[in-house]
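Overview (structure and organization)
Read off the chains here:
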Amino acid sequence: MTATATAVRTSGITALHVETVPLDDVGRLIPLLDSRTPLLWVRRGEGIAGIGEAVRLEFSGPTRITDAAAAWQQLVAAADVTDPISAPGTGLVAFGAFSFSPASAVTSVLIVPEIIVGRHNGRSWITRVSRKQGDGGATPAPHPTPRPTPLGAEYRLSLLPGAMPPDAYREAVAKAVERIRHQELNKVVLARDLVGHLPQESDLRRALMELALGYPECWTYAVDGLIGSSPETLVRVHDGEVSARVLAGTISRGPDAASDHDHAVTLAANPKDQNEHALAVTSVLDALRPHSPNLASSEIPFTLKLPNLWHLATDVAGTLSDGSTSLDLVAALHPTAAVAGTPTADALRLIAELEPFDRGRYAGPVGWVGADGDGEWAIALRGAQVSPTGDITAYAGCGIVADSEPQNELVESKMKMRPIVEAFG
């Protein structure tokens, strides 16, 4: 069933029957997925995998996230859910991916799979979703339990410069620095792109396996052709608690232990990176405080070690005071200064002026939402969009402030491209 945002009404929502039951340990989730249309949310081997589409909701425009929140509540209200496990990712769940810009030609989606298999804290389960009787026909037979299938043949692809080649990116960064120094804004995040093509018979699960194994501390995601491994938690909501992880400020890993330590110390002491990070943290705190007055964060950011780079990071946590769902908070947070800039409106205008492409879902929210509104959402970074015909577009962006150097920002963007480039090539 497919519905657009304009078609979503309480009376027109498909009524779903949803049942979750325990499973023996399923092992790795990725081999269970469809090779061309995977739905995945996993970290450290735990998460959820979706197979098939029971419901697909599409949204666009400035209200795409709030429309999705309203449509999800309607879908939940019409559903019959049996969930004896009641853990994150059980019961009725939708995978979601939203465009970065309200003006994007790329739609935002919520997808309820026909089957969801999950693992959390040593427990495994399967959720089956079907239409309730009386909703246009007989209830179909239960979906069989999915079995792992061998990954397809290996492939090696080259991702090449797209609409923003290196020289053009350096030029755009220089223009942005000039505007910042003229005090038109404080920070802007500029992205560049790489493109390639995946042969029709290729198995997307191979790239996902590379990402999940290579970046276990990141959220490895796949939603409607958007795949990647994001280190940045936009927001997590569970049992009335809210948390987020803010990343801004980057440096490469060192070639040996001593130099690697020196790189981390350099990052932590760099005024340019500290300033960029402070702007990103402030934007998250400002967005979440109306929903969580007791919000807390560390005063000093810590250095987060990933396989290919160091980030400055700050964790934010609090208790929700107004019953907001994870989608409500996604709408309040997006876009953060970490992926847009500050002031937000000025940064978005400059992005539209200097970037020669539609970001699509790059740097937009990606994750899942449950029937109770809880969920986990990351920022769609370190990834790529794969079209139904196999066209691949990967993106990476860097935060530009007054002290930014164009060549250094290009090098940083190459580091951020590394996970997806290596996953495909």
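Look up a bit, the structure's there.
Keep in mind the model is a prediction, meaning the values are calculated, not measured.

With that out of the way, let us pick up the overall build of the chain. For the chain, the helix and strand inventory stands at eight helices and 24 strands. Against the 2.2 N^0.38 benchmark of 22 Å for 425 residues, the chain shows a C-alpha radius of gyration of 21 Å, consistent with a compact globule. In the chain, buried positions account for 54% of the 425 residues. In the chain, once contacts between residues fewer than 6 apart in sequence are set aside, the share between residues at least 24 apart is 76%. Accessible area for the chain stands at about 17,100 Å²; split by element, carbon and sulfur atoms hold 52% of it. Each charge sign in the chain was given a centre, from 35 positive and 49 negative side chains, and these centres are 3 Å apart.

Glancing now at the packing of aromatic side chains. This model, assessed by the stated rule, comprises five aromatic pairs. Judged by centre distance (5.3 Å) and plane angle (55°), the rings of Phe357 and Tyr395 are tilted. In this pair, Phe357 sits in the loop between helix H7 (344-354) and strand E21 (365-370) while Tyr395 sits in strand E24 (residues 391-400), placing the two residues 38 residues apart along the sequence. Residues Phe357 and Tyr395 agree in their burial class; the two are buried. A cation over a ring is seen here: Arg359 above Phe100, with NZ or CZ 4.3 Å from the ring centre.

Most often, soluble globular proteins keep nonpolar side chains buried together rather than apart. Core analysis: the biggest nonpolar cluster contains 69 residues, and Leu16, Trp72, Leu110, Val112, Val188, Leu190 and Ile400 have the highest contact counts within it. Ignoring any residue separated from it by four or fewer positions in sequence, one finds Ile400 in contact with Val173, Ala176, Val177, Ile180, Asn186, Lys187, Val188, Leu190 and Glu409. Counting 32 residues, the second largest nonpolar core, distinct from the first, contains Leu40, Met417, Ala423 and Phe424.

What follows concerns the pairing of strand E14 (residues 226-230). In terms of residue burial, E14 counts as a mostly covered element, since five of its five residues are buried. Because side chains alternate across E14, one face comprises the buried residues Leu226, Gly228 and Ser230, and the other comprises Ile227 and Ser229, equally buried. The pairing of strand E13 (residues 219-223) with E14 spans five bridges and is classified as antiparallel. Along E14, the bridge assignment pairs Ala222 with Ile227. Counting the residues in the hairpin turn of E13 and E14 gives two residues, including Asp224, whose phi is positive at 55°.

A word on the pattern of salt bridges. According to the stated counting rule, one finds 24 salt bridges in the structure shown. We note a salt bridge from Lys416 to Glu412, for which the minimum N-O separation is 2.8 Å. Remark: Glu412 and Lys416 occur in helix H8 (residues 406-424); sequence separation between them is four residues, near one turn of the helix. Note that Arg418 and Glu422 form a salt bridge whose closest N and O atoms lie 3.0 Å from each other.

Right, let's talk about the pairing of strand E19 (residues 309-319) for a bit. Burial within E19 is extensive, with eight of its eleven residues counted as buried. Where strand E16 (residues 241-252) lies against E19, ten bridges are found, and the strand directions are antiparallel. When the bridges of E19 are listed, Glu241 appears paired with Thr319. In the sheet, strand E17 (residues 296-297) pairs with E19 via two bridges, with the strands oriented antiparallel. Across the sheet, Ala296 pairs through a bridge with Ala317, a residue of E19. Bridge analysis of strand E18 (residues 302-305) against E19 gives four bridges, and the strand direction is antiparallel. Residue pairing in the sheet places Leu304 in a bridge with His311 of E19. Linking E18 to E19, which pair antiparallel, is a turn of three residues.

As enumerated under the stated definition, the model contains zero disulfides in all. This cysteine, Cys218, is not joined by any disulfide, and Cys398 carries the nearest cysteine sulfur, 16 Å off.

A word on helix H1 (residues 64-77). The first and last C-alpha atoms of H1 sit 20 Å apart over 14 residues, in line with the 20 Å expected at 1.5 Å per residue. All of the buried residues along H1 are Arg64, Ile65, Ala68, Ala69, Ala71, Trp72 and Leu75. Buried positions along H1 lie against strand E2 (16-23), strand E5 (55-59), strand E7 (93-97), strand E8 (108-112), helix H6 (326-333) and E21.

Contact geometry of helix H2 (residues 166-181) with H8 gives a least axis separation of 9 Å together with a crossing angle of 125°. Put simply, H2 runs oblique to H8. For the pair H2 and H8, the sense of crossing is right-handed. When H2 is examined against H8, the residues Pro166, Tyr169, Arg170, Val173 and Ala174 are found in contact with a partner set consisting of Pro406, Gln407, Glu409, Leu410 and Ser413. A class-by-class count of the residues in the contact of H2 with H8 yields six nonpolar, two polar and two charged.

Here we come to the layout of surface pockets. In this structure, the largest pocket spans a volume of roughly 450 Å³. Counting only elements with at least two residues in the lining of the largest pocket, the list comes to strand E3 (39-43), strand E4 (46-51), strand E9 (115-120), strand E15 (233-238), E16 and E18. In terms of residue class, the lining of the largest pocket is made up of ten nonpolar, six polar and ten charged.

Rules used throughout
Residues numbered from 1 in each chain as written. Predicted model: local features only at pLDDT ≥ 70, side-chain atom pairs only at ≥ 80, totals over all residues. Heavy atoms only, no water. Helix = DSSP H or I, 4+ residues; strand = E, 2+ residues; numbered from the N terminus. Rg over C-alpha atoms; globule rule 2.2 N^0.38 Å. Buried < 20%, exposed > 50% of the residue type's maximum accessible area, 1.4 Å probe, protein only. Contact = heavy atoms within 4.5 Å. Areas by Shrake-Rupley, 256 points an atom, 1.4 Å probe, with all protein chains shown as cover. Lys, Arg positive; Asp, Glu negative; His and termini not counted. Charge placed at Lys NZ, Arg CZ, Asp CG, Glu CD. Phe/Tyr/Trp six-rings, centres within 6.5 Å; stacked < 30°, edge-to-face > 60°. Lys NZ or Arg CZ within 6 Å of the ring centre and 35° of its normal. Core = buried A, V, L, I, M, F, W, Y, C linked by side-chain atoms within 4.5 Å. Pairing = 2+ DSSP bridges. Salt bridge = Lys/Arg side-chain N within 4 Å of Asp/Glu carboxyl O. Disulfide = S-S within 2.5 Å. Expected span 1.5 Å × (residues − 1). Axes fitted to C-alpha atoms, helices over the stretch in contact; angles between N-to-C directions. Parallel < 35°, antiparallel > 145°, perpendicular 65-115°, else oblique. Left-handed = near helix turned anticlockwise from the far one by under 90°. Nonpolar A, V, L, I, M, F, W, Y, C, P; charged D, E, K, R; others polar. 1 Å grid on protein atoms, 1.4 Å probe; cavity = no way out; pocket = protein on both sides within 12 Å on 5 of 7 lines; lining within 4 Å. Points joined across faces, edges and corners; volume = space filled by probe spheres on them.

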